[in-house]
Amino acid sequence: MSSQSLHFFTPSSTACPNITFPKPSLPAPNRRLAFASSPRTFSIRAVSESSDPNPAPPPVVVADNGAGSRVVAAADSSSIEVDKVTEAELKENGFRSSRRTKLVCTIGPATCGSEQLEALAVGGMNVARINMCHGTREWHKRVIERVRRLNEVKGYAVAIMMDTEGSEIHMGDLGGAPSAKAEDGEVWTFSVRAYDANRPERTITVNYDGFAEDVKVGDELLVDGGMVRFEVIEKIGPDVKCMCTDPGLLLPRANLTFWRDGSLVRERNAMLPTISSKDWLDIDFGIAESVDFIAVSFVKSAEVINHLKSYIAARSRDNDISVIAKIESIDSLKNLEEIIQASDGAMVARGDLGAQIPLEQVPAAQQRIVQVCRQLNKPVIVASQLLESMIEYPTPTRAEVADVSEAVRQRSDALMLSGESAMGQFPDKALTVLRSVSVRIEKWWRDGKHHEAMELPAVGSSFSDRISEEICTSAAKMANNLEVDALFVYTKTGHMASLLSRCRPDCPIFAFTTSTSVRRRLNLQWGLIPFRLGFSDDMESNLNRTFSLLKARGMIKSGDLVIAVSDMLQSIQVMNVP
Ligand SMILES: Nc1ncnc2c1ncn2[C@@H]1O[C@H](COP(=O)(O)OP(=O)(O)OP(=O)(O)O)[C@@H](O)[C@H]1O
Ligand SMILES: CC(=O)C(=O)O
Ligand SMILES: [K+]
Ligand SMILES: [Mg+2]
């Protein structure tokens with residue numbers, strides 16, 4: 001690919017025989033611009049690649065845009081099946097109003113049933129997250145099976161994310177109790193002993209064997225970053241007596257940090273492995289179940305990510321599990337760039353992050369993480385307490401809506417529900433809030449022409465990758481300037497789709513890929529509507545077939561203006577749907 005040059009050409013065949021001008025609402029200057037170079041299509045392509053001598057079989061289209069939308073279509077367009085939600089959404093709202101920000105839901109007791117999972121899928125869940133801190137592998141296996149069955153039978157493309165427990169210090173369960181109240185002045189015992197049934201009153205188990213050794217009398221013990229506070233008053237063998245200084249509710253497996261002279265004590269903590277022996281077994285489980293993403297808790301360095309990625313490469317059949325680094329510790333902030341560079345994406349895990357750095361620093365950390373991910377072209381999820389009050393109440397607080405808006409305004413790829421969907425009383429309502437706030441803020445952004453001046457540095461190392469990047473940057477800019485209806489990208493690995501997504505263009509991106517797992521993983525990325533489609537290197541026939549398949553379902557119509565790019569031919573084409 002080293003001798004590629006860019007040039008313009010006009011396709012010889014009639015890719016778009018019935019060109020109509022773009023929507024009448026477009027201003028005249030744009031109309032002229034769109035067709036100044038060619039009466040029909042305007043193409044830019046790199047020339048060194050040959051066409052596929054063996055054209056692919058007729059395409060099969062399967063789509064999911066996340067709002068419960070789906071298409072299952074075969075080459076024979078009369079047999080195309082389209083979900084009513086997609087059909088209705090595209091017909092009623094048009095491309096512009098489709099949601100760009102992706103939604104991740106943590107699955108727990110409130111949402112693990114098939115009907116509840118389907119309600120989330122219809123409500124826009126793009127990724128289901130299972131948290132290995134809680135529940136048994138059998139429990140998680142059943143959830144995965146249910147999601148997969150929904151995908152298969154009903155045509156959704158919900159991806160699965162497995163989140164490791166990690167080995168930070170946390171409390172054990174509360175002997176089956178859902179919570180326990182700690183009152184001011186009460187003395188509680190934190191112990192590394194294992195209890196069976198006869199646990200004394202006001203006794204909490206701790207998962208870290210070195211706990212009693214590491215803490216000192218006078219240390220402050222924070223539960224979940226300060227939801228409850230204790231002071232260490234006495235150490236007796238494996239038991240640590242602590243007095244409650246700030247009362248509150250203790251929840252099972254809550255995170256514990258201890259502070260000395262105003263600083264977090266983490267020397268010993270830092271010795272704990274990021275991936276514990278239990279985590280490795282969970283990872284084996286995730287690989288066996290072919291989850292789409294593994295999110296690694298308490299990442300400290302790029303090394304552990306590289307280690308996990310080579311482990312997955314050696315074990316996983318198709319090597320197609322993406323590794324997401326959870327940024328939730330001081331070390332992960334220190335090594336942020338290298339960690340994100342090594343990962344396939346990142347999560348701003350504000351729950352634990354807020355227990356490790358002062359709360360007032362969390363918003364700036366979030367902004368930095370989102371920005372670094374965007375620059376390095378990695379998807380980023382903003383997580384934890386987005387709608388915390390909705391665990392109990394059917395409407396969010398104004399402050400929560402402002403927080404969700406800010407994450408959307410920062411143009412993060414995805415938002416995540418934790419307790420709201422895992423064990424809250426209103427999981428569907430919480431998802432609806434995320435969906436409607438996302439759509440509203442995205443519209444405000446487009447209407448206000450807020451195209452940001454963010455510098456997007458080159459990320460590709462090879463010349464061919466650099467060409468793909470330039471093509472995507474140009475195509476996204478053209479799409480905004482020409483106010484096209486949609487970008488189409490034909491991509492085998494998903495890379496070119498992610499490059500387009502990184503530009504955050506005004507129109508939705510229809511991403512066509514041949515692989516089901518690539519399609520599911522594209523679900524996490526901003527603005528992508530992933531389709532599975534068998535296609536060839538012959539872009540004109542790909543386009544014609546795609547047009548007729550999508551038109552048959554009313555997902556596009558004659559006259560829609562489309563820009564298409566492809567990673568096989570490294571081309572840009574601008575055309576009206578015939
Ligand atoms: N599989 C599950 N079984 C039971 N309860 C669950 C499950 N998953 C989540 N929960 C409940 O939902 C709450 C929020 O979930 P979340 O995934 O945010 O966990 P977390 O304990 O805060 O840990 P993390 O820092 O890993 O996110 C949990 O504290 C737990 O009470
Ligand atoms: C999601 C997560 O792990 C956290 O916020 O801590
Ligand atoms: K976790
Ligand atoms: Mg966490």
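For the structure itself, look to the data block above.
As a starting point, this report considers the structure included with it. (Residues numbered from 1 in each chain as written. Chains lettered and ligands numbered in written order. Predicted model: local features only at pLDDT ≥ 70, side-chain atom pairs only at ≥ 80, totals over all residues. Heavy atoms only, no water.)

### Quick notes on the sheet that holds strand 19 (residues 322-327)
Thinking step 1. Sheet architecture is closed into a barrel: eight strands sit in the order 6-7-8-18-19-20-21-22, paired in parallel fashion. Pairwise comparison of adjacent strand axes, ignoring direction, gives a mean angle of 25° for this sheet.
Thinking step 2. Pairing between strand 8 (residues 159-163) and strand 18 (residues 293-296): three bridges, direction parallel. By the bridge assignment, Met 161 is partnered in strand 18 with Phe 293.
Thinking step 3. Packed on one face of the sheet, helix 11 (residues 362-375) meets strand 19, strand 20 (345-349) and strand 21 (380-383) and runs near 160° to strand 21. (Pairing = 2+ DSSP bridges. Helix = DSSP H or I, 4+ residues; strand = E, 2+ residues; numbered from the N terminus. Axes fitted to C-alpha atoms, helices over the stretch in contact; angles between N-to-C directions. Contact = heavy atoms within 4.5 Å.)

### Some details on the environment of Gly 135
Thinking step 1. Its place among the elements puts Gly 135 in the loop between strand 7 (127-131) and helix 4 (137-154).
Thinking step 2. Relative accessible area serves as the criterion here: at 57%, Gly 135 is assigned to the exposed category.
Thinking step 3. Between the alpha carbons of Gly 135 and His 450 there is a distance of 44 Å; along the sequence they are 315 residues apart. (Buried < 20%, exposed > 50% of the residue type's maximum accessible area, 1.4 Å probe, protein only.)

### What to know about helix 11
Thinking step 1. Across its 14 residues, helix 11 extends 20 Å between first and last C-alpha, which sits within 8% of the 20 Å expected from 1.5 Å per residue.
Thinking step 2. Where helix 11 terminates, the next one or two residues include Asn 377, which has phi positive at roughly 60°. (Expected span 1.5 Å × (residues − 1).)

### Focus on the coordination of the potassium ion (ligand 3)
Thinking step 1. Taken together, Asn 131 (OD1), Asp 163 (OD) and Thr 164 (O) make up the full set of protein donors to the potassium ion (ligand 3), lying 2.7 to 2.9 Å away.
Thinking step 2. Binding-site remark: the potassium ion (ligand 3) is held by donors from one chain whose sequence spacing is N-x31-D-T.
Thinking step 3. Here the potassium ion (ligand 3) and the magnesium ion (ligand 4) are spaced 5.3 Å apart. With Asn 131 in strand 7 and Thr 164 in the loop between strand 8 and strand 9 (180-182), the pair connects residues that are 33 residues apart, well separated along the chain. A single burial state applies to Asn 131 and to Thr 164, both of which are buried. (Donors = N, O, S within 2.8 Å, 3.2 Å for Na, K, Ca; no water.)

### Some thoughts on the coordination of the magnesium ion (ligand 4)
Thinking step 1. Distances from the magnesium ion (ligand 4) to its protein donors, namely Glu 328 (OE) and Asp 352 (OD), fall within the range 2.0 to 2.1 Å.
Thinking step 2. Given a relative accessible area of 1%, Glu 328 falls into the buried group.

### Quick look at the pattern of salt bridges
Thinking step 1. Tallied over the full model, the rule gives 28 salt bridges.
Thinking step 2. Here Asp 219 makes a salt bridge to Arg 260, at a shortest N to O gap of 2.8 Å. Here the residue Asp 219 occupies a position in the loop between helix 5 (211-214) and strand 12 (220-223), and Arg 260 occupies one in strand 16 (residues 256-260), the gap between them amounting to 41 residues.
Thinking step 3. On the basis of relative accessible area, Asp 219 is assigned to the buried category, the value being 2%.
Thinking step 4. When the shortest N-O distance is used, the salt bridge between Asp 282 and Lys 278 registers 3.0 Å. Taken together, the residues Asp 282 and Lys 278, both in helix 6 (residues 277-288) and four residues apart, mark about one turn of the helix.
Thinking step 5. With a relative accessible area of 1%, Asp 282 lands in the buried category.
Thinking step 6. According to the relative accessible area criterion, Lys 278 is partly exposed, its value standing at 30%. (Salt bridge = Lys/Arg side-chain N within 4 Å of Asp/Glu carboxyl O.)

### Quick look at the sheet that holds strand 13 (residues 228-236)
Thinking step 1. Here seven strands make up an open sheet; going across it, the order is 11-10-14-13-12-16-17 and the pairing mixed. Among the strands making up the open sheet, the edge pair consists of strand 11 (203-205) and strand 17 (263-264).
Thinking step 2. Pairing of strand 10 (residues 187-191) with strand 11, which is carried by three bridges, proceeds in the parallel orientation. Counterpart to Phe 190 in the pairing with strand 11 is Ile 204.

### Considering the site of ligand 1
Thinking step 1. Taken together, 15 residues sit near ligand 1, with Arg 129, Asn 131, His 134, Asp 352 and Ser 418 positioned nearest.
Thinking step 2. Separating an oxygen atom of ligand 1 from a side-chain N or O atom of Arg 129 is a distance of 2.7 Å.
Thinking step 3. Between ligand 1 and His 134, the relevant distance is 2.9 Å, taken from an oxygen atom to a side-chain nitrogen or oxygen of the residue.
Thinking step 4. Burial of ligand 1 by the protein amounts to 76% of the accessible area it has alone, namely 590 Å².
Thinking step 5. Put simply, the parts of the chain that give the shell around ligand 1 at least two residues each are strand 7, helix 4 and helix 13 (419-422).
Thinking step 6. Across the shell around ligand 1, the residue classes tally to six nonpolar, six polar and three charged. (Near = heavy atom within 4 Å. Polar contact = N/O pair within 3.5 Å; in protein donor to acceptor, adjacent residues only side chain to side chain. Areas by Shrake-Rupley, 256 points an atom, 1.4 Å probe, with all protein chains shown as cover. Nonpolar A, V, L, I, M, F, W, Y, C, P; charged D, E, K, R; others polar.)

### Quick notes on the packing of helix 12 (residues 398-409) against helix 14 (residues 427-447)
Thinking step 1. Relative to each other, helix 12 and helix 14 sit at 50°, their axes nearing to 9 Å. Considering their axes alone, helix 12 and helix 14 lie oblique with respect to each other. At the point where helix 12 passes helix 14, the crossing takes the right-handed sense. Facing Val 401, Val 404, Ser 405, Val 408 and Arg 409 of helix 12, the residues of helix 14 in contact are Leu 434, Val 437, Ser 438, Ile 441, Glu 442, Trp 444 and Trp 445.
Thinking step 2. Here the contact of helix 12 with helix 14 is composed, by residue class, of eight nonpolar, two polar and two charged. (Parallel < 35°, antiparallel > 145°, perpendicular 65-115°, else oblique. Left-handed = near helix turned anticlockwise from the far one by under 90°.)

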